[in-house]
Amino acid sequence: PRQVFAMAEDLRAAVASQTKRLNSSGEVVERLEENGHQNKRLKSNAGEEDAEDQNKRSPKRKIVLLMAYSGKGYHGMQRNVGSSQFKTIEDDLVSALVQSGCIPENHGEDMKKMSFQRCARTDKGVSAAGQIVSLKVRLIDDILEKINSHLPSHIRILGLKRVTGGFNSKNKCDARTYSYMLPTFAFAHKDHDVQEEVYRLDRETLEKVNKLLACYKGTHNFHNFTSQKGPRDPSAKRYIMEMYCGEPFVRENIEFAVIKVKGQSFMMHQIRKMIGLVIAIVKGYAAESIIERSWGEEKVDVPKAPGLGLVLERVHFEKYNRRFGNDGLHEPLEWTEEEEKIAVFKEQYIYPTIINTEREEKSMANWLNTLSIHDFNSSTVGMQANNKNSKNSSDLEGSDGCDDDSD
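Just so we're clear, the structure is a prediction, and the values are computed from it rather than from any experiment.

A.B. asks: Where do I start with empty space enclosed by the protein in this structure?
C.D. replies: The method is simple in principle: a probe with the dimensions of a water molecule rolls over the atoms, and the space it marks as empty is what remains. Throughout the structure, instances matching the rule amount to one cavity of 30 Å³ or more. Tyr 180, Met 181, Leu 182, Pro 183, Pro 306, Leu 308, Gly 309, Ile 354, Glu 358, Ser 363 and Met 364 together form the lining of the largest cavity. Listing elements by their share of the lining of the largest cavity, those giving two or more residues are β5 (175-183), α11 (339-361) and α12 (363-368). The element that contributes the greatest number of residues to the lining of the largest cavity is β5, accounting for four residues. For the lining of the largest cavity, a count of residues per class yields eight nonpolar, two polar and one charged.

Encoded structure:
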């Protein structure tokens, strides 16, 4: 009996150590379900296994990836299957996932098969420092290094976390923070002749900018800040938590400032139009009362600032973290350990792209010249005529944020 008891103990210890090894990422229940299959596989001759078999053996798990990218040269985040001339960030991401062995090739062709969901569908040319995508992948060894080795240097996967099986990065996200980096000469009054490299933002103007940006806080009807939404469409109501402009700084002889905005969700072009209208007021083209007027039913001509300076900074999962973040099985979706990598990526790829493109292409300076064409007192009839004349393809390029309307 003692021998039988000892054998039983040995067997129990072996199973426990194997279970422990299988549970390295903490989700005990899910991994135990794998054990039946795992034991059968252990019988196969390890010497005959190749990488493909190993891939098949890796269990598929729901994860989130923390992504950073410079959006210049891309037609936004979201993949347009079948239109290869418009390259998107997801084209490069899916290709890297297939090449690294995280997903089979047919999942790349039909992204629903891996339950893929991006948190925000960034617009053409827009960058991200903290984009989140959720998907099911094979948890292969050195997964981040392998994915990154198949990506261009201006797209990086900076972090990975396991999430619940039903997790959807878009639906579970309860807020998004964007930043908008712009040269401060954008705020110079239209009646002053300004030399772009010499201009410096004074304290009084910065205070005025911040007073205007603060008007957006709270819940308002933003139907005038997007296209194809009527004033009575309930989804045009949006909740903005904060919006402010930080202290200016000089790069490459030009002074820049960064506007931060945190909101529950944003519609197509909403952030760029919110900033465009504040610039029009500060420059003296429109009266301050236009902001209040834009919440009403009448159509207001709201100019849309260039896409270049817009960056998706981070996405927030406060409700999910409260429910699952400390349940002992899942990690909270916070990225404090990755903050340094995010900061380095922005300094290396995002800010230089914005600064150099601004210097070479003068996107802000050219856009400022169009402000005088806008009629900030126009009626609905006048507006419709203007819209017909000014409609161009860039109005159809995805969205600044991503929510039920824009995805």
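A.B. asks: How should the UniProt feature "active site" (unreviewed entry) in the protein be read in this particular structure?
C.D. replies: Using the residue numbers shown here, the UniProt feature "active site" (unreviewed entry) corresponds to Asp 123. Here Asp 123 shows up in the loop between β2 (117-118) and β3 (127-138).

A.B. asks: Hey, could you run me through helix α8 (residues 270-282) in this one?
C.D. replies: Since one α-helical turn is 3.6 residues long, residues separated by three or four positions face the same way. In this model α8 runs 19 Å from its N-terminal to its C-terminal C-alpha over 13 residues, within 8% of the 18 Å that 1.5 Å per residue would give. For α8, the buried fraction is high: 13 of the 13 residues fall into the buried class. Of the residues flanking the end of α8, it is Gly 284, one or two places downstream, whose phi is positive at about 95°.

A.B. asks: What should I look at first to understand the packing of aromatic side chains in this one?
C.D. replies: One pass over the full model with this rule turns up eleven aromatic pairs. Arranged with centres 4.9 Å apart and planes meeting at 75°, the rings of Phe 167 and Tyr 320 form a pair that is edge-to-face. Residue Phe 167 is located in the loop between β4 (155-162) and β5, and its partner Tyr 320 is located in helix α10 (residues 318-324); the two are separated by 153 residues in the primary sequence. The residues Phe 167 and Tyr 320 share a single accessibility class, namely buried. Seen in terms of ring centroids, Phe 222 and Phe 225 are 5.3 Å apart; in terms of plane orientation they differ by 75°. Their pairing is edge-to-face. Judged by its relative accessible area of 0%, Phe 225 is buried. One aromatic cluster in this structure is built from Phe 167, Phe 317, Tyr 320 and Phe 324. Across the ring face of Trp 335, the terminal group of Lys 161 is positioned such that the distance to the ring centre comes to 4.9 Å. The ring of Tyr 285 is capped by Lys 190, whose NZ or CZ atom sits 5.8 Å from the centre of that ring.

A.B. asks: Is there a simple way to think about the packing of helix α7 (residues 203-214) against α8 in this case?
C.D. replies: Packed helices, taken two at a time, are described by the angle between their axes plus the distance between the axes. Two numbers describe how α7 lies on α8: the axes approach to 10 Å, and their chain directions differ by 135°. Taken together, the axis directions place α7 and α8 in an arrangement best described as oblique. Crossing angle aside, the handedness with which α7 passes α8 is right-handed. On α8, the residues touching Thr 205, Lys 208, Val 209, Leu 212 and Leu 213 of α7 are Val 278, Ile 281 and Val 282. A per-class count over the contact of α7 with α8 returns six nonpolar, one polar and one charged.

A.B. asks: Whenever I open this one, the environment of Glu 247 confuses me. Can you help?
C.D. replies: Relative to the helices and strands, Glu 247 is located in the loop between β7 (237-245) and β8 (249-251). Each C-alpha atom, one on Glu 247 and one on Leu 206, is 8.3 Å from the other, the two residues being 41 residues apart in sequence. Excluding anything up to four places from it in sequence, Glu 247 contacts Arg 203 and Leu 206. Side-chain polar atoms of Glu 247 contact the side chain of Arg 203, separated by 3.0 Å.

A.B. asks: Help me understand helix α4 (residues 89-99) in this model?
C.D. replies: Across the eleven residues of α4, eight count as buried, placing the element largely inside the fold. Taken as a whole, α4 has its buried residues at Ile 89, Glu 90, Asp 91, Asp 92, Leu 93, Val 94, Ala 96 and Leu 97. Its buried side turned inward, α4 meets β1 (60-69), α5 (105-109), β2, β3, α6 (143-149) and β4.

Cut-offs and rules
Residues numbered from 1 in each chain as written. Predicted model: local features only at pLDDT ≥ 70, side-chain atom pairs only at ≥ 80, totals over all residues. Heavy atoms only, no water. 1 Å grid on protein atoms, 1.4 Å probe; cavity = no way out; pocket = protein on both sides within 12 Å on 5 of 7 lines; lining within 4 Å. Points joined across faces, edges and corners; volume = space filled by probe spheres on them. Helix = DSSP H or I, 4+ residues; strand = E, 2+ residues; numbered from the N terminus. Nonpolar A, V, L, I, M, F, W, Y, C, P; charged D, E, K, R; others polar. UniProt positions renumbered as here; feature names shortened; annotations may be inferred. Expected span 1.5 Å × (residues − 1). Buried < 20%, exposed > 50% of the residue type's maximum accessible area, 1.4 Å probe, protein only. Phe/Tyr/Trp six-rings, centres within 6.5 Å; stacked < 30°, edge-to-face > 60°. Lys NZ or Arg CZ within 6 Å of the ring centre and 35° of its normal. Axes fitted to C-alpha atoms, helices over the stretch in contact; angles between N-to-C directions. Parallel < 35°, antiparallel > 145°, perpendicular 65-115°, else oblique. Left-handed = near helix turned anticlockwise from the far one by under 90°. Contact = heavy atoms within 4.5 Å. Polar contact = N/O pair within 3.5 Å; in protein donor to acceptor, adjacent residues only side chain to side chain.

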